[in-house]
Each structure stands twice: as C-alpha cells, then as structure tokens.
Amino acid sequence: MIRNVNKLFCGTLVLFVCSTVDNGTAQEPLSFERYREVVEPIFLAPRGGYGPGRAPCVTCHAEQGTPLRLQALNENPDGTVFWSEEQSRQNFQIVSRLVTPGNPARSRLLRKALAVSAGGAPFHIGGKFFESQTDPEWRTMAEWVQAADPVDPNPNDIPPRLDFQFFQECVQRIFLDKRPGDVECVHCHDSGSRNFARRIPEDRDFWNQEESRGNFAIARRYIEPGHPMLSRFLTHPLSSEDGGDGFHGGPRRWASRDDPEWQMLAAWVRGEEPECLSY
Ligand code: HEC
Ligand code: HEC
C-alpha cells in the first residue's frame, strides 16, 4: 500500500528525492558512488582554455546564480583542488535533478554541453564540449544515468508538445501580474539573456503574436516538456521548501506546488489542457 503511494508520488513529482533516497520502490537509484568516482571529475577536468567550450565546467558552475550550482572548491597545499564527500553529496543532489534516471536522451546534464548536431540542446551559454555521443566523457555520464531504473513510466514516449497558444494567452499574463510584496516577472525579465517577458511597446498593453513567439523561444529553454520538476521555469520561482531551486534572483512566487497557478503550469508542461486562471 505504502509502496504504491510512493511510486505514484515519485513518478509525478519528486524525481530528485526518489532518486537519491532509497525508499524501497526504485531498485536501482542513481548511484552516488559512481557519480563521485567517474562523473564529478568531468566537471573539474581542464579543457585547455577559458570561456565557453574551453573552461572546466566548474569555472562557471560554482558561481552564485548559475543553474547546476556546484560547491566552491577546496585547495590542497600543492594547489590541487577537491570536494569533500559532504560537498560531493550536495553536488549530487543538484546534478541528480538535471537527469532523468534511465534516460540520458532526456537529461539536461547530457544535452546541454553536447553539440546540436549530435542531439544536444539548442542553447548553452557555456558552449559545446562534446562533439558526439561517442565522446568518452559523455558516455561516462550517459552510462551513469542509464544504469538507474527509470522513474518515468514511459521513458521512450515522445515528450508532449508545449502549447504555444496557451503560453501566449495565459502564461504571459503571469508575467504582468503582481502579488503582494513581489515584483512582476516583466520587471526583471524584460532584457538580458533571460528575457522571456520583453517590454511591451507603449501603445499596447499586451504582447502581439510575434513578440509572444520571441518570449516563448526564451521561456522554452527553461522547460522540459513532460517534467514540471525538471523545468526551471517552474522550480526557480518556487519555494525551496517545496522542491524549488536553492536560489532565484527574483521572488518566490509559489510558496508550494499546491498553488493553483503552479498546478496549472505543471499541467501545461505535461502537455495537458488546463483551464486558464484569469487575472
Ligand atoms: C563559460 C561558462 C560555462 C562553462 C564553462 C560551462 N557552463 Fe554550463 N551553463 C553556463 C550558464 C551561464 C548556464 C545557464 C544558461 C544556459 O542554460 O545556457 C549553463 C547551464 C548549464 C546546464 C543547465 C542547468 C539547468 O539547470 O538547466 C547544464 C546541465 C550545464 N550548463 C552543464 C555544463 C557542463 C557539463 C559543462 C562542462 C562540460 C558546462 N556546463 C560548462 C555556463 C557554463
Ligand atoms: C527582482 C527581479 C526578478 C523578478 C521579479 C523575477 N526574476 Fe527570475 N531571475 C532573476 C535573476 C537575477 C535571475 C538570474 C539568477 C538566477 O538564476 O536566479 C533569474 C532567473 C530566473 C530563471 C532561471 C533562468 C536561468 O538562467 O536558468 C527563471 C526560469 C526565472 N528567473 C523565472 C522567473 C519568473 C517566472 C518570474 C515571475 C514569476 C521571475 N523570474 C521574476 C530576477 C528576477
């Protein structure tokens, strides 16, 4: 009985809790030992340069505010660097949330730094590090993810389509909506590289089709269709007490996943057709 409840819970929401805590349902959770032994060193490996595509992952990913937030490194007297086991465990928690156990192809960790031509994500500020899926480092990460039992009931299903119409008519309203004590998304996300809520021209009070397409293209980067809890769009402004990310430069709009607005967005990300909550 309890096992069933757990399973349902794991399958839908708390991928990360379920993949790191042995709760008796997942036979083969993501392995911390393998992570520490073979995956984590990849983040430290020198790549012969600076900046996108050339710097060690950790150069950018131990900075405050970057997703995939790794712990700051310790230095030995001889200049070599390391993470303590405790720090590695914290890294593991973050990294685990960027993978879909049993399914490398749907894991952000695997897709971000992989060339677009090899099936990688369209965009990574950090650049592309792996030319193909035969790259030994890439394979090491993929094998680690593959070895874990899928939490996704249908790992080979095609991810749902993200409905643009709903984004245009409904989701964008959230960007303009002010909650007591908070600032609207548009206030901060109207420019820069995370500009999914660009400034609306003076003579109008909402985005037209073309502008909405532009907003959608940016917001899309933070959404993993089918997986609300792997979608930063939903985890970034969510309270860290209920599974939200450790840091957001803006407010926590949703105190918990029970917030009807969060529920609505989650349904949209899962490819369902929720009713729009109007403001
Ligand atoms: C030059 C800086 C830089 C380097 C080097 C870098 N990244 Fe990134 N990475 C970023 C930034 C900035 C973002 C957030 C914006 C984006 O999605 O591109 C990011 C995003 C990511 C994400 C998405 C995290 C999320 O929560 O969506 C993953 C995964 C990732 N990087 C993996 C890597 C890996 C693996 C390496 C090394 C092989 C690496 N990065 C090297 C800057 C960097
Ligand atoms: C007060 C300013 C501010 C407001 C308001 C704000 N944000 Fe942010 N947001 C930031 C900053 C700064 C960052 C970059 C640092 C970080 O990752 O938190 C960010 C990052 C993000 C990211 C992650 C982008 C990435 O690079 O991975 C998402 C998603 C996001 N915000 C969504 C929202 C949503 C949705 C709203 C409205 C409900 C919102 N934000 C409101 C300042 C804000």
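Nothing here was measured: the structure is a model prediction, and the numbers come from that model. (Residues numbered from 1 in each chain as written. Chains lettered and ligands numbered in written order. Predicted model: local features only at pLDDT ≥ 70, side-chain atom pairs only at ≥ 80, totals over all residues. Heavy atoms only, no water.)

## Points about the state of the cysteines
So, step 1. Enumeration according to the criterion identifies one disulfide in this entry.
So, step 2. Two residues share a disulfide in this structure: Cys 170 and Cys 276, whose sulfurs sit 2.1 Å from each other. The chirality of the disulfide connecting Cys 170 with Cys 276 is right-handed, given an S-S dihedral of about 90 degrees. In this pair, Cys 170 sits in helix α8 (residues 164-176) while Cys 276 sits in the segment after α12 (260-269), placing the two residues 106 residues apart along the sequence. (Disulfide = S-S within 2.5 Å. Helix = DSSP H or I, 4+ residues; strand = E, 2+ residues; numbered from the N terminus.)

## Concerning the coordination of the iron atom of ligand 1
So, step 1. Protein-derived ligands of the iron atom of ligand 1 are His 61 (NE2) and His 124 (NE2), with the metal-ligand distances lying across 2.0 Å.
So, step 2. Classification of the site at the iron atom of ligand 1 rests on its six donor atoms, whose angles at the metal span 85 to 178 degrees, yielding the label octahedral. Separated by 63 residues along the polypeptide, His 61 in helix α4 (residues 57-61) and His 124 in the loop between α6 (108-112) and α7 (136-146) bring together distant segments of the chain. (Donors = N, O, S within 2.8 Å, 3.2 Å for Na, K, Ca; no water. Tetrahedral: all angles 85-135°; square planar, octahedral: opposite > 155°, others 65-115°.)

## Quick word on the nonpolar core
So, step 1. Formed by 30 residues in total, the largest nonpolar core has its most connected members in Phe 167, Val 171, Phe 175, Phe 196, Phe 233, Leu 265 and Trp 268.
So, step 2. If you list the elements that add at least two residues to this core, you get α8, α10 (209-219), α11 (232-235) and α12.
So, step 3. A per-element tally of this core places α8 first, with seven residues.
So, step 4. Not counting residues up to four positions away in its chain, the partners in contact with Phe 167 are Gln 172, Phe 175, Ser 212, Asn 215, Phe 216, Ala 219 and Trp 268. (Core = buried A, V, L, I, M, F, W, Y, C linked by side-chain atoms within 4.5 Å. Buried < 20%, exposed > 50% of the residue type's maximum accessible area, 1.4 Å probe, protein only. Contact = heavy atoms within 4.5 Å.)

## Section: the environment of Gln 263
So, step 1. Checked against the element boundaries, Gln 263 lands in helix α12.
So, step 2. A relative accessible area of 37% means that Gln 263 is categorised as partly exposed.
So, step 3. When the C-alpha atoms of Gln 263 and Pro 274 are compared, they prove to be 8.9 Å apart, with 11 residues separating the residues in sequence.
So, step 4. Discounting residues that sit within four places of it in the chain, Gln 263 has contacts with Arg 257 and Asp 258.

## Remarks on the site of ligand 2
So, step 1. Around ligand 2 lies a shell of 19 residues, among which Cys 185, Cys 188, His 189, Arg 194 and His 248 are the nearest.
So, step 2. Here His 189 contributes a side-chain N or O atom positioned 2.8 Å from a nitrogen atom of ligand 2.
So, step 3. Between ligand 2 and Arg 232 there is a distance of 2.7 Å, counted from an oxygen atom to a side-chain nitrogen or oxygen.
So, step 4. At the level of elements, α9 (185-188) and α11 are the ones that each hand at least two residues to the shell around ligand 2.
So, step 5. Residues of the shell around ligand 2, tallied by class, amount to nine nonpolar, six polar and four charged. (Near = heavy atom within 4 Å. Polar contact = N/O pair within 3.5 Å; in protein donor to acceptor, adjacent residues only side chain to side chain. Nonpolar A, V, L, I, M, F, W, Y, C, P; charged D, E, K, R; others polar.)

## A closer look at the pattern of salt bridges
So, step 1. Enumeration over the complete set of coordinates arrives at 15 salt bridges.
So, step 2. Between Glu 261 and Arg 179 there is a salt bridge; the shortest N-O distance is 3.6 Å. Here Arg 179 lies in the loop between α8 and α9 and Glu 261 lies in helix α12, a separation of 82 residues in the sequence.
So, step 3. For Arg 232, the salt bridge identified is with Asp 245, shortest N-O distance 3.6 Å. Remark: Asp 245 occurs in the loop between α11 and α12 and Arg 232 occurs in helix α11; sequence separation between them is 13 residues.
So, step 4. Residue class for Asp 245 comes out buried when judged on its relative accessible area of 11%.
So, step 5. If you follow the salt bridges from partner to partner, you end up with Asp 177, Arg 179, Arg 253, Asp 259 and Glu 261 in one network. (Salt bridge = Lys/Arg side-chain N within 4 Å of Asp/Glu carboxyl O.)

## What to know about the coordination of the iron atom of ligand 2
So, step 1. Coordination of the iron atom of ligand 2 by the protein comes from His 189 (NE2) and His 248 (NE2), over a distance range of 2.0 Å.
So, step 2. Coordination at the iron atom of ligand 2 is octahedral, judged from the six donor atoms that bind it and the angles of 87 to 179 degrees they form at the metal. With His 189 in the loop between α9 and α10 and His 248 in the loop between α11 and α12, this residue pair connects regions lying 59 residues apart in the sequence.

## A word on the site of ligand 1
So, step 1. By nearness alone, 19 residues border ligand 1, and Cys 57, Cys 60, His 61, Lys 112 and His 124 come closest of all.
So, step 2. Between ligand 1 and His 61, the relevant distance is 2.7 Å, taken from a nitrogen atom to a side-chain nitrogen or oxygen of the residue.
So, step 3. Separating a nitrogen atom of ligand 1 from a side-chain N or O atom of His 124 is a distance of 2.7 Å.
So, step 4. Among the secondary structure elements, those contributing two or more residues to the shell around ligand 1 are α4 and α6.

## Some words on the side chain of Asp 182
So, step 1. Residue placement: Asp 182 occurs in the loop between α8 and α9.
So, step 2. One buried charge, Asp 182, has no salt-bridge partner; the nearest side chain with opposite charge is Arg 253, at 5.9 Å.
So, step 3. Ignoring any residue separated from it by four or fewer positions in sequence, one finds Asp 182 in contact with Pro 251, Arg 252 and Arg 253. (Lys, Arg positive; Asp, Glu negative; His and termini not counted.)

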